[in-house]
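Overview (structure and organization)
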Amino acid sequence: MNSVFLRWSFFLLLSGFSAMSLAVIEGHKYPFDNQRDTERFNQLAEDLRCPKCQNQNLADSNAPVARDMRDKVYELMQQGKSDDEVVGYMVDRYGDFVRYNPPMRTNTFLLWFGPLIIFALGLVLLVMVRRGGNKKQMTPLTDAEKQRLAQLKKEGADS
């Protein structure tokens, strides 16, 4: 009976988590006159990143700042702003970080090429370590070291 209870509890817990994966954007909260604007809004909410959650877009985030940003996107769209103007407003306020695909600029160079640079440095370091290990040659033991080794072996065998 205890096993059945645990299984059902686990099932209910997983069901609760899966309900949280539903889209955050409520259609009734952001009513548009046509389907095209609804799709534009949804696309903008997916293309803009939540500044608090970092790995979630506005559509997926429950953070208060994401809700405020969705409200602002809706407000700007109601004012007749284009997608570029909406994104520009968000970038002016939150910086390029708010975009999932920031433009190539000098201040975003490391964002675009940082992982590649780190990977290349890791490869160089790996090659250097491997080559350094091959250059070490063992020198033969001196007669004194051989005698000491024989003495240690004899002591180890006696004990």
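Residues numbered from 1 in each chain as written. Predicted model: local features only at pLDDT ≥ 70, side-chain atom pairs only at ≥ 80, totals over all residues. Heavy atoms only, no water.

The number of helices and strands found in the protein is six helices and zero strands. In the protein, the order of α-helices and β-strands from amino to carboxyl end is α-α-α-α-α-α. Out of the 159 residues belonging to the protein, those deemed buried represent 21%. Across the protein, every contact between residues at least 6 apart in sequence was considered, and the portion connecting residues at least 24 apart equals 48%. (Helix = DSSP H or I, 4+ residues; strand = E, 2+ residues; numbered from the N terminus. Buried < 20%, exposed > 50% of the residue type's maximum accessible area, 1.4 Å probe, protein only. Contact = heavy atoms within 4.5 Å.)

Each α-helix winds once per 3.6 residues, and so residues spaced three or four apart point in a common direction. Along its 15 residues, helix α3 (residues 64–78) runs 21 Å from first to last C-alpha, staying within 8% of the 21 Å computed at 1.5 Å per residue. Within α3, the full set of buried residues consists of Ala66, Met69, Arg70, Val73, Tyr74, Leu76 and Met77. Projected onto a plane normal to the axis of α3, the buried residues spread over an arc of 165 degrees and lie on a single side. Taken from the residues just after α3, Gly80 is the one with a positive phi, measuring 90 degrees. (Expected span 1.5 Å × (residues − 1). Arc of directions from axis to C-beta.)

Turning next to a nonpolar patch on the surface. There is a patch of nonpolar side chains on the surface, built from Met104, Phe109, Leu110, Leu111, Trp112, Phe113, Leu116, Ile117, Phe119, Leu121, Leu123 and Leu126 and spanning about 1200 Å² of accessible area. Among the secondary structure elements, Leu123 is positioned in helix α5 (residues 109–135). For Leu123, a relative accessible area of 42% corresponds to the partly exposed category. (Patch = residues over 30% accessible without salt bridge, like charges linked within 9 Å, V, L, I, M, F, W, Y side chains within 5 Å. Areas by Shrake-Rupley, 256 points an atom, 1.4 Å probe, with all protein chains shown as cover. Salt bridge = Lys/Arg side-chain N within 4 Å of Asp/Glu carboxyl O.)

Bringing the packing of α3 against helix α4 (residues 83–94) into the picture now. At a closest axis distance of 10 Å, the pairing of α3 and α4 adopts a crossing angle of 140 degrees. Classified by the angle their axes make, α3 and α4 are oblique. Of the two possible hands of crossing, α3 and α4 adopt the one that is right-handed. For the pair α3 and α4, contact is made by Val65, Met69, Lys72, Val73, Leu76 and Met77 and by Val86, Tyr89, Met90 and Tyr94, respectively. Among the residues making up the contact of α3 with α4, the classes are represented as nine nonpolar, no polar and one charged. (Axes fitted to C-alpha atoms, helices over the stretch in contact; angles between N-to-C directions. Parallel < 35°, antiparallel > 145°, perpendicular 65-115°, else oblique. Left-handed = near helix turned anticlockwise from the far one by under 90°. Nonpolar A, V, L, I, M, F, W, Y, C, P; charged D, E, K, R; others polar.)

Further remarks concern the pattern of salt bridges. Under the definition given, this model contains six salt bridges. Its salt-bridge partner being Lys29, residue Asp71 comes within 3.8 Å of it at the nearest N-O pair. Remark: Lys29 occurs in the loop between α1 (2–20) and α2 (35–47) and Asp71 occurs in helix α3; sequence separation between them is 42 residues. A relative accessible area of 38% means that Lys29 is categorised as partly exposed. Taken together, the shared-partner salt bridges connect Arg36, Asp37, Arg40 and Asp83 into one network.

All right, on to the side chain of Arg40 then. Here Arg40 is to be found in helix α2. Here the side chain of Arg40 touches Asp83 through a polar contact of 2.7 Å, side chain to side chain. Other than its neighbours up to four places away in sequence, Arg40 contacts Met77, Lys81, Ser82 and Asp83. (Polar contact = N/O pair within 3.5 Å; in protein donor to acceptor, adjacent residues only side chain to side chain.)

Our focus in this paragraph is the packing of α2 against α3. Running from N to C, α2 and α3 point in directions that differ by 145 degrees, and their axes come no closer than 10 Å. As α2 runs across α3, the sense of the crossing is right-handed. Side by side, α2 and α3 meet where Asp37, Arg40, Phe41 and Leu44 of the first sit next to Arg70, Val73, Tyr74 and Met77 of the second.

Bringing the environment of Leu111 into the picture now. Position of Leu111 relative to the elements: it lies in helix α5. According to the relative accessible area criterion, Leu111 is exposed, its value standing at 56%. Taking the C-alpha atoms as reference, Leu111 lies 9.7 Å from Phe97; in sequence the two are 14 residues apart.

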